[in-house]
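Residue-level listing of the chains:
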Amino acid sequence: MAQEETMNYLIPVTFPDLAAAKSGTEPLVDTLRAAGIQAEIIAEPGLDSEGDGGRPDPGPTTRELHVHASSADEARRRVQELTDARFPAGMVLLGEPTRI
């Protein structure tokens, strides 16, 4: 049986606000990994800083998710299924996967 080739994709993941992006990112990655999906969030310097408590929340915040999958459709479908199971419907929005 031939092993299916996987490629790397970036999927924009938009949370409703900065607080949700900070608290929801790692649990989402953990959920994806538990389901057998190789995934990681691309580090964004300054986004996870400790000293921003007094700063107003900028609203919707997008993080970039790096995923390994056999196709863009599979990457988006599997991430969407697990995101919908982890968060209330419509809370987290996914953009189109980009092959990297």
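Our subject is the structure listed above.
As the structure is a prediction and not an experimental result, all values here were calculated from the model.

A.B. asks: Hey, could you run me through the pairing of strand β3 (residues 61-69) in this one?
C.D. replies: Direction of pairing for strand β1 (residues 7-15) relative to β3: antiparallel, over a ladder of nine bridges. Across the sheet, the residue bridging to valine 13 is arginine 63, located in β3. Both strand β2 (residues 39-41) and β3 contribute to a ladder of three bridges, which runs antiparallel. Across the sheet, the residue bridging to alanine 39 is valine 67, located in β3.

A.B. asks: In this structure, what is going on with the packing of aromatic side chains? I would like to understand it.
C.D. replies: This model, assessed by the stated rule, comprises one aromatic pair. Each ring, one from phenylalanine 15 and one from phenylalanine 87, has its centre 6.0 Å from the other, and the planes form 80°; the classification is edge-to-face. Placement of the pair is phenylalanine 15 in strand β1 and phenylalanine 87 in the loop between α2 (72-86) and β4 (93-94), with a sequence separation of 72 residues. Like phenylalanine 87, phenylalanine 15 is buried.

Parameters at a glance
Here, residues in each chain are numbered from 1, in the same order as that chain's written sequence. Thresholds applied to this predicted model are a pLDDT of at least 70 for local features of residues and 80 or more for the giving and counting of side-chain atom pairs; totals over whole chains, interfaces and linings are not thresholded and use all residues. Note that water and hydrogens are dropped before the side-chain values are worked out from all heavy atoms of the structure. By this definition, two strands are paired if DSSP reports at least two bridges between them. Under the DSSP-based scheme used, a helix requires at least four consecutive residues in state H or I and a strand at least two consecutive residues in state E, with every element numbered from the N terminus. Ring pairs are drawn from Phe, Tyr and Trp, using the six-membered ring of Trp, whenever the two centres fall within 6.5 Å, and their geometry is named by plane angle: stacked under 30 degrees, edge-to-face over 60, tilted for the rest. Only protein chains enter the area calculation, which uses a 1.4 Å probe; residues under 20% of their type maximum are buried, those over 50% are exposed, and those in between are partly exposed.

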